[in-house]
Structures are given as C-alpha cells and as structure tokens.
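What follows is each chain in one-letter form.
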Amino acid sequence: MRVGGESVARDSGMRRDEFGGVIGPTWRESEPWWPPEPSPPPGAPNVLVIVLDDVGFGQLGCYGSDIATPTIDRLAAEGVRLANFHTTALCSPTRACLLTGRNHHSVGMGRVADLAMGYPGYDGRIGREHGFLSEILAEAGYIPTAVGKWHLTPEDETHMAAPRGSWPVGRGFQRWYGFHGGETHQFVPALYEDNHAVPVPTPPGGRPYHLSEDLADRAIRYLSDVRAVHATDTPFFLYFATGACHSPHHAPDEWRERYAGHFDLGWDEWRARTFARQQAMGLLAPGTELSPRPHWVPAWDDLDPDLQRVSARFMECFAGFLSHADEQIGRLLHFIEHDLGELDDTLVVLLSDNGASAEGGSLGSINDARIWNGIPAGRKELAARIDEIGTAVAHNNYPWGWTMAGNTPFKRWKRETHEGGVADPCIVRWPSRVTDAGGIRHQFVHVIDVLPTVLDLLGVAAPTELDGVAQTPIEGTSFAPVLADPAAAPTRTTQYFEMLGSRAIYHDGWKAVTFKPLGPMYDDGLDPDAPFDEDRWELYHVAVDPSECHDLADSHPDRLADLVARWWDEAHAHAVLPLDNRPLAALMNPRPSRVSERTRYVYRPWVAPVPEPVAVNVRNRSHSIVADVEVPDGVVPSGVLLSLGSRLGGWTFYVLDGRLHYVHNLANKRIDRILSEAVIPPGRHQLGATFTRTADFTGALTLLLDGEPVGEGDIALFTPARFSITGSGLTCGYEVGPSVSPDYEAPFGFTGRLHRVTVDVSGAAFQDLQAQLTAIMAEQ
C-alpha cells in the first residue's frame, strides 16, 4: 500500500516488541516505489539551435547574398524564413535572451559578460531564477549538449579555479566543448571541454586544424554518444554556436582563395545587387528603399587602388569563413539525416546574434588587439601586410563599408539599435509542424520569443520552479501560430531595445530610435557626454519603411512622444536603468574579484592557461621574473619559461639554443627582443628578467643568469591595455600559440626541468594608462 508516494506496511495494525516499541514494516509488508524519471511528451522531436556570430541580415544566400551558403539555404527552402526577426545588437545579451526567453536586462546581461557593471540589469551573471532552455528540457527528458561559443560567463571566471555555476555544464547542459569569451583564434583557439581547459587537437592525416571543423566533429561525436545509449524515444537538444563569423575572419587557405577577386566590384555595387535579390525573394515590404550610405563610409570608387585591393581582401576572408562554416553545419546535418535518420524529427532553429560588426573601423583591422591598445594599422601598413590578412598571424576584421553592405538594406550595425544592429536572419525547420516549405514571414519577432516557441512546438510547459528555485515569468511569446499561418496576427506588438546607451522601441509597426555615440566615432557632431534626455529620437513607420529611410519625427510628434514614454515604461519594468554609454566603465569600476591582488605570483609548468584578467599584470609597472630550472648534463636547453598571449600580442621569457631570450610583442606591430650571449651550463639555475622603467612608456629589461646580468635592451611602448583578446592566456613551460615570438613554434616546451617561475610586481607602476594611450596615438 502507498500513501503520499511512500511505501508503508500492508497491515495497518501496529505490532510492538516486548519493550512496547513499534515493529516497523519489513520487505514482506512493503511495496517498492521509485520517483518517475523525466519523460518527454510523446513524439517530441530533437532540438537543434544553431547560432551564427556577427552575420548580418544580407550575408546569407537565402537572405540575398551571393556568398555561398548552400546548407543554410536548404534549411530555408525546407523551412520558414523570418524577415522581421530581431535581436539585442550584441552577442552575450542575445544569447541570454535566446536561452532564457527573457529580456537581456531582466536577467542581468545588459552588455557582454566581460563588461558587467554593478547594476541589476548589467551584473553579467544570470541567476537561477531565470532558467535556461537546457535546464527546462533536461527536466522534460531531453539530453542537452552544447558545442561552440558560450560568452555568458565573466572572463575572470573562466579559469581552472573558478566557480563553474555559469558555465554550460552548470546551466543544464550535460556536455560542452567550445570556448568562453566573445572571440577566439580559429586556428589555435582557447578550448574547454565540460569544466576544464583542453589543448587544441591534432587533426588526422596532417590536415590543418580549424575550429569550425572541430566543432562539427565534436557535435557529431556527442550525438553519437547519446545514441550509443539512448534510443530515439529520448530526444537530444544540441546548442551549436559557431565562432563564425566573429573576427578574426580566419578560413583555410583554399576557402579564402575561392573568393579571390569576387568583391572587386566594391561594397556599393555589392549592396545594390544584394538589395535587388532581396526584393526578388519577397523578403522586404513593397516599396522598401535601400538606406543611403552614411557620409562616414566612403564611396568605393573614391578609394585608391591599394585600399580597394586591401578592402576586397578583407571581404574575401569573411566570405570564405562563412562558406566554410556553412559546410561544417552541412556535415552535422548530414550526420543527423543519414547516420541517425532523424533530421525530419528534429526541430532546427538557425539565427544570428546581431548585425554585421563595425569593430574593424573605417579601414579594417589586421589585429583587433591593436584597436584596444590605440594603435590601429594605417593604409600603408595594411597594403604592405595584405598577404597576412586571414592567416594565423592576423586578427582581421573588415572595414565599415562591408559592414554596411552586410546589413543590406538597413542602416547602422552591431552595438546600435537601428535595424542594421538588431534585424537578423532566423530560419525554422521541422516538417511535421512547419509545413510551408520555403515560406517567408513578415510578422515582428524578437529573440526572447524563441524559447517559448520551442516549448510550444514540443508540448513542454514552462516550469514555475526549477531545481527548487521559483522561476521568473517568461517574457517571450510563442510565434508558433505565425509559423503555421503566414496571415496570422503578430504575436508580439511591443519590444524595447537598449545597447550601450542607444535605445529604440517597436510598437504596432512603428519604431522610435535614438543613437548614442560611445565616443567621437563617425564625425557626426554628436556629443557622447550629452545628457540622455537631450538625445534626438527618430520615428519610422517600419511596417512600410523597414530600412528606416524616412524620419517622421517632425510630422508625428504625438506618436513619437507616446513611443518614447512607452520606452521609459519598459526600461523601468526590465531593469534597463541607469543608462550608460561608456563601454569601458566596467574597467574603471570592476566587480570585486574572488582573485586577490598580490605582488608575488608563482607558476608551475604545464598547468592550464591562466586568462589574462586573472594572470599577473606586468603592464605599466617595473617587475621581475625568476625561473628555477635544472639543466641535465649533455642537454642544450630550449623552450618557454613563461609566456602570455600569442603572435597577435604578448610577451615571452624563453631559452633558445641554451641562451636566455625575452620578447615583448606589441600587438604584432613592434617586437622588442633582448637576448643573452651566455650559454646556460648544466646544473640548477635561477634564470631572471628584470624590467625597470627608464622613461615614460619605455623601460629597460635585463636578463640574469644566477643573479648576474647577461643581456640588456630597451622595450619601447610597453603594451598599455591588453596583450591579446583571443583568450590564449598565460602559460608556464609551454605556449598555446601562435607563438608570441617568431623565433620558435608553439608549444615549444622547455627541455630541461622547470620547477617554478616567480613574478614579482611590487615595483612602481607607470603613471597613467590614458596618457600612454594618448602618446601611442600621437606616434601614429
């Protein structure tokens, strides 16, 4: 007999022993009971969510581009394209919306996780009260797996001693393979599996490594693991987030060369042709105009031939990167279709996280770390280094002209709340329920609507409690009716936007929007420090003017006032306030770190890479490094002692052919090398390097063998802001690569015995970081 889910004795009469105690039931009087296991609804499909990075509205073939994306085009031909789908304008916030079904400020991800601030809407940590799709589906009997980019964990919590609560395996995914942060090197990425860092694997047959291929391989392996145990009545949820097409735009050589000469027509003509294809496809409302080229983007024909050649090369690399990623998605879908036989039983959602990126600047960037350090490459340098673009020694990003073209027909781009920043591709395929193959939908949809739509199609209710934690309301609305009927009423009529001070609101086919500059960006006369209540709002009837060509603010002041008031109501309701357009404010007032600052750091060989924010900070201060080593008899030692960064920027203390070396690599623009002529003899030794400031922004570095100077040289323009932005981190006894110094190839492990490396940073710091940036800019 069972009462309240617990086993009890069949005989309700109590028996007592000789002392009067109750004799409890034995197995003879009891009936076993087990709590039910999670079980999906009958016929529930697998779920595959594919997230592209920084791919604009007009960059996929099925959205008008001439870049080859046959796999994605097939999904569009067999599913439904959303022509009025919107995101937040930035990656972490969009991913937070996608995985929680709530607005980005509501869950504390008002900016990217790395730029969190001490306000509720910008904390950078998503609380347990905001359940993830992975957590919901796990409780519904799914096997959730994540592969690829995460970027929902603050960078200073991505090390091996960090709490893992915000990592994918801490948020409902049973497996994860990929990378933290917004970007990583595509040939030598900073990789993690589950809860630990892992080295880059070596592809079989001597094939060069590329991250997109590796992610597809790992996704296939994880699905194979699932099906090795579970039959098809246990569905999987695979979250597949590519590094493509965020910078660096890396593609294998043959993929870059496929587009050689393809973009020589320039961004103006390419944009016009893309717009014509979009019109022919029926993606745009009748009468839609191509938004005018802004004055800060030069006409292609006004560029000199060298700059045209460089600009075309930048776009060739992007196109090769995207087409190559499309092929890897194709391999994954082929496996699901032909090996598993489950593609038609899989709900596929593909989207991009924001509009095309303008982070390459007006000319394009050969190394985004140089922009962080205030030393962007000029025209002559770009022309001289054109052959490096797209290779392992570049962190390339295309110029504004191609960003504009990638967001055709819209204006502006990523980080901004005009349509170019927030209008994105989205495709849904599931033949059982999405039957209008090749259909296009023009109803307004926002990324917060994806989670409730998935749950609706699966027949899974949004829980009020997850793992004992009461849940906040889902703020998205299912657009399943829109997928079923092209004439269905819109399921979302109002949506606010805010990103780094730029704001907008959509309501019933109208949109009010205001741009807030982050600094002197576009020579448009706007003051980034002007009070927010002085910002000028624009008004567009986007139902008929989706490209925001006709500002109706002056002719419809009452409507504009109503929309702006609605925006403030939404801002108060969703923790948007206070407004702040300072992207680096988080660096001035960082979250208190669990990692205490100290003046002495000790590193031991072959431990996992230490992320730069929690590694010893040798920038802008005098410091010393001492490596405790043993050299066996008959060995001429070589190898890395301590290193931070990669060829794209960093420093390295190493031994080559028995001699001490130190290299400071300023964002692959300038390499200062100090070396010793003394050969390190066998035995135990203290190998040292001491850096002392000698003048503003310059210092002298002395190499030491057992305390005696054996080499000296100057380091000009010591890196002021970030050594590297691809996540390579600090390593002891080896390097991740590409190697900081051109003198060797990573990993370049030390061939002697390395006991430890100690870094002392108790010396005086340089005067002022901003002064250094100003001086470096003046040098340009």
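## Some thoughts on the overall build of the protein
At step 1: Along the backbone of the protein there are 16 helices and 30 strands.
At step 2: Computed over C-alpha atoms, the radius of gyration of the protein comes to 28 Å, within 12% of the 28 Å expected from 2.2 N^0.38 for 780 residues, which places it in the range of a compact globule.
At step 3: Its C-alpha atoms put the protein at 95 × 85 × 55 Å along the principal axes.
At step 4: When burial is assessed residue by residue, the protein has 59% of its 780 residues classed as buried.
At step 5: Residue pairs at least 24 apart in sequence account for 74% of intrachain contacts in the protein once pairs closer than 6 positions are excluded.
At step 6: Across the protein, 65 positive and 101 negative side-chain charges occur, with their mean positions spaced 3 Å apart.

## Some thoughts on helix α14 (residues 557-573)
At step 1: Over its 17 residues, α14 runs 24 Å from end to end, which matches the ideal 24 Å to within 8%, given 1.5 Å per residue.
At step 2: Residues of α14 that are buried sit in contact with β16 (494-499), β17 (502-507), β18 (510-514) and β19 (538-540).
At step 3: After α14 finishes, the residue Ala575 shows a positive phi value of roughly 65 degrees.

## Structural notes on the sheet that holds β18
At step 1: Reading across the sheet, the four strands line up as β16-β17-β18-β19 and stay open at both edges, with antiparallel pairing between neighbours. In this open sheet, the two edge strands, each paired with only one partner strand, are β16 and β19. Shown here is a sheet whose adjacent strand axes are inclined to one another by a mean of 15 degrees, direction ignored.
At step 2: Relative to β17, β16 runs antiparallel, the two being bridged by six bridges.

## With respect to the sheet that holds strand β23 (residues 649-656)
At step 1: If you walk across this open sheet you meet the five strands as β25-β24-β23-β22-β29, and the pairing is antiparallel. Looking along the sheet, the strands with just one partner apiece sit at the ends: β25 (670-679) and β29 (730-732). Averaged over all pairs of adjacent strands, the angle between their axes in this sheet comes to 10 degrees, without regard to strand direction.
At step 2: Bridging between strand β24 (residues 659-666) and β25 involves seven bridges; their strand directions are antiparallel. Across the sheet, the residue bridging to Arg659 is Val679, located in β25.

## Describing the packing of helix α1 (residues 70-78) against helix α7 (residues 305-339)
At step 1: It is the contact of α1 with α7, at a shortest axis distance of 7 Å, that shows an interaxial angle of 55 degrees. On the basis of their axis angle, the class for α1 and α7 is oblique. Here Pro70, Thr71, Ile72, Arg74 and Leu75 of α1 lie close against α7, whose contacting residues are Asp326, Ile329, Gly330, Leu333 and Glu337.

## Things to note about the pattern of salt bridges
At step 1: Summed over the entire model, instances satisfying the criterion amount to 50 salt bridges.
At step 2: Note that Glu612 and Arg722 form a salt bridge whose closest N and O atoms lie 3.6 Å from each other. On the criterion of sequence distance, the pair formed by Glu612 in the loop between β20 (600-603) and β21 (623-631) and Arg722 in the loop between β28 (708-716) and β29 is long-range, its members being 110 residues apart.
At step 3: Here Arg756 ties to Asp628 by a salt bridge, and the two come within 3.0 Å at their closest N and O atoms. Of this pair, Arg756 sits in strand β30 (residues 753-760) while Asp628 sits in strand β21, and the two are 128 residues apart along the sequence.
At step 4: A relative accessible area of 32% means that Arg756 is categorised as partly exposed.
At step 5: Because the salt bridges share partners, they merge into one network encompassing Arg74, Glu78, Glu337, Asp344 and Arg429.

## Points about the nonpolar core
Nonpolar side chains in soluble globular proteins generally cluster together in the buried interior.
At step 1: With 85 residues, the main nonpolar core has Leu48, Leu60, Leu238, Phe240, Leu332 and Trp402 as its most contacted residues.
At step 2: Membership of the second largest hydrophobic core comes to 54 residues, among which are Met109, Trp176, Cys426 and Leu457.

## With respect to a nonpolar patch on the surface
At step 1: Side chains of Trp372, Leu584 and Leu587 sit close together on the surface and give an oily, nonpolar patch of about 290 Å² of accessible area.
At step 2: The topology assignment puts Trp372 in helix α8 (residues 368-372).
At step 3: According to the relative accessible area criterion, Trp372 is partly exposed, its value standing at 37%.

Reading guide: rules and limits
- Numbering of residues starts from 1 in each chain and follows the order in which that chain's sequence is written.
- A pLDDT threshold of at least 70 governs which residues receive local features in this predicted model, and a stricter bar of 80 or more applies before side-chain atom pairs are shown or counted, although totals over entire chains, interfaces and linings include all residues.
- Hydrogens and water molecules were not included; the side-chain quantities draw on all heavy atoms of the structure.
- Labels follow the DSSP assignment, with helices taken as runs of H or I lasting at least four residues and strands as runs of E lasting at least two, numbered in each case from the N terminus.
- For the radius of gyration, the atom set is restricted to C-alpha positions; the globular benchmark scales as 2.2 Å times the number of residues to the power 0.38.
- The buried label goes to any residue with under 20% of its type's maximum accessible area, the exposed label to any with over 50%, and the partly exposed label to all in between, with areas taken from a 1.4 Å probe on protein chains only.
- In this description, contact between two residues means that some pair of their heavy atoms is separated by no more than 4.5 Å.
- Residues counted as positive are Lys and Arg, residues counted as negative are Asp and Glu, and His and the chain ends are not counted.
- For this purpose, a charge sits on NZ of Lys, CZ of Arg, CG of Asp or CD of Glu.
- What a helix is expected to span follows from its residue count: subtract one and scale by 1.5 Å.
- Should DSSP find at least two bridges between two strands, the strands are taken to pair.
- Axis lines are fitted through C-alpha atoms, for helices just across the contact stretch, and the angle between N-to-C directions can take any value from 0 to 180 degrees.
- An angle counts as roughly parallel when it lies under 35 degrees, as roughly antiparallel when it exceeds 145, as roughly perpendicular when it falls between 65 and 115, and as oblique in every other case.
- A pairing counts as a salt bridge when a side-chain nitrogen of Lys or Arg comes within 4 Å of a carboxyl oxygen of Asp or Glu.
- Here, nonpolar core refers to any group of buried Ala, Val, Leu, Ile, Met, Phe, Trp, Tyr and Cys residues whose side-chain atoms link them within 4.5 Å.
- Residues enter patches when they are more than 30% accessible in relative terms and free of salt bridges; like-charged ones are connected within 9 Å and nonpolar ones (Val, Leu, Ile, Met, Phe, Trp, Tyr) within 5 Å.
- Computed with a 1.4 Å probe, the accessible areas rest on the Shrake-Rupley method; for each residue, only the protein chains presented here act as cover.

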